[in-house]
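This is what each chain is made of:
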Amino acid sequence: MIFNSWVSTVIICLIVAAFWIAFERSKPSASRLVLVSELCALAIGVRSVFSFVPYFNPLLAVIFLSGVALGGVEGFLIGSLTALLSNFIFGQGPWTLYQMISWGFAGTAGGVLAGTGILKKCDWKTGDYVRGSVVSVFLIIFVTGPLADLSGFFMMGERNLALLKVILAGGFAMNVSLAASTVFALCIIARPFLFSVQRAVTKSRGFTQNR
């Protein structure tokens, strides 16, 4: 089982490295780097501020919308860096890698949905809110939430299927609360957030509006 823990760690590191390398190979301009950095800082600030509010944190809404506005690679970068850097405040540990890939996938999902035309990159209508909310709930409860919870499983000395079920069941309530807070945040901030980012994108030489 120790081997399995190392295998999962290596796989996560390779996935994270692949996205970071893809971003680097896109030869980002200075303005592009600044925008990504600003969104990372915003997400870290949101996590810090709302850490004092029980069972409510719109962090994943910010990461998801960042992916919608900028693309899947940028969304992953923002999500993974937010996990890595904010844990210098909240504490580093084996869970950091799992949070990095979990939150990174939330940003990538937003980018994929916008890239395929399922969600608009700006000026959301009712259908965008519905689709974005449904996807966010499914993503947090069944994908990103359980991914982050897996860190607890691999930290245990003895691991088995029964323990995995207990850990996933224990994290279910928290994942539901995160999904609810994400949907609430999407309904409040989606339009102004996407408008602001797209305005910055349009004015930036490093981006095009259709990227």
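Computed from a predicted structure; not experimentally measured.

Trainee: Which residues make up the nonpolar core, and what are the values?
Mentor: Judged by nonpolar contacts, the single largest core of 49 residues is most densely connected at Phe64, Leu70, Trp124 and Val197. Those elements giving two or more residues to this core turn out to be helix 1 (2-25), helix 2 (30-50), helix 3 (59-70), helix 4 (72-90), helix 5 (95-115), helix 6 (126-155) and helix 7 (161-203).

Trainee: Please set out the packing of helix 3 against helix 4 residue by residue, giving values where relevant.
Mentor: Interaxial distance between helix 3 and helix 4 falls to 7 Å at its minimum, and their mutual angle equals 155°. In this view, helix 3 runs roughly antiparallel relative to helix 4, as classed from their interaxial angle. As for how helix 3 packs across helix 4, the hand of that crossing is right-handed. Together, Leu59, Ile63, Ser66, Gly67 and Leu70 of helix 3 and Gly72, Glu74, Gly75, Ile78, Gly79 and Thr82 of helix 4 make up the contact between the two elements. Of the residues belonging to the contact of helix 3 with helix 4, the class tally is four nonpolar, six polar and one charged.

Trainee: Explain empty space enclosed by the protein to me, using residue names and the numbers behind them.
Mentor: According to the stated counting rule, one finds one cavity of 30 Å³ or more in the structure shown. Roughly 40 Å³ of volume is contained in the largest cavity. Listed by contribution, the elements that provide at least two residues to the lining of the largest cavity are helix 3 and helix 6. If one sorts the elements of the lining of the largest cavity by residue count, helix 6 sits on top with three residues. When grouped by side-chain class, the residues that make up the lining of the largest cavity number five nonpolar, two polar and no charged.

Trainee: Lay out unusual backbone geometry with the relevant residues and their values.
Mentor: Non-glycine residue lysine 27 carries a positive phi angle of around 50°. Here lysine 27 lies in the loop between helix 1 and helix 2. Residue class for lysine 27 comes out exposed when judged on its relative accessible area of 73%.

Trainee: Report on the layout of surface pockets, specifying residues and quantitative values.
Mentor: The space that makes up the largest pocket amounts to roughly 580 Å³. What lines the largest pocket is a set of 27 residues, among which Arg47, Gln99, Trp103, Met174 and Leu178 lie closest to the centre. Every element with two or more residues in the lining of the largest pocket is listed here: helix 2, helix 3, helix 4, helix 5, helix 6 and helix 7. With six residues, helix 6 is the single largest residue contributor to the lining of the largest pocket. Of the residues contributing to the lining of the largest pocket, the split by class is 14 nonpolar, eleven polar and two charged.

About the cut-offs
Note that residues are indexed from 1 along each chain, following the sequence as it is written. This being a predicted model, a pLDDT of at least 70 is required before a residue's local features are given, and a value of 80 or more before pairs of side-chain atoms are given or counted; all residues contribute to the totals for chains, interfaces and linings. Water and hydrogen atoms play no part in the side-chain values, which are based on all heavy atoms of the structure. By nonpolar core is meant a set of buried Ala, Val, Leu, Ile, Met, Phe, Trp, Tyr and Cys residues that side-chain atoms within 4.5 Å join together. Only protein chains enter the area calculation, which uses a 1.4 Å probe; residues under 20% of their type maximum are buried, those over 50% are exposed, and those in between are partly exposed. The helix and strand labels rest on DSSP assignments: H or I over at least four residues marks a helix, E over at least two residues marks a strand, and numbering proceeds from the N terminus. Angles run from 0 to 180 degrees between N-to-C directions of axes, and those axes are lines fitted to C-alpha atoms, restricted for helices to the stretch in contact. In this scheme, roughly parallel covers angles under 35 degrees and roughly antiparallel covers those over 145, while 65 to 115 is roughly perpendicular and the rest are oblique. Whether a crossing is left-handed or right-handed is set by the direction in which the near helix is turned from the far one by less than a right angle, anticlockwise for left-handed and clockwise for right-handed. We call two residues in contact whenever any of their non-hydrogen atoms come within 4.5 Å of each other. When residues are grouped by polarity, Ala, Val, Leu, Ile, Met, Phe, Trp, Tyr, Cys and Pro land in nonpolar, Asp, Glu, Lys and Arg in charged, and all others, Gly among them, in polar. As defined here, a cavity is a set of points on a 1 Å grid over the protein atoms alone where a 1.4 Å probe fits but cannot get out. A pocket is an open set with protein on both sides within 12 Å along at least five of seven lines, and residues line them when an atom is within 4 Å of a point. Grid points are joined across faces, edges and corners, and a volume is the space filled by probe spheres set on the points.

As far as function goes, none of this settles anything; it's purely spatial.
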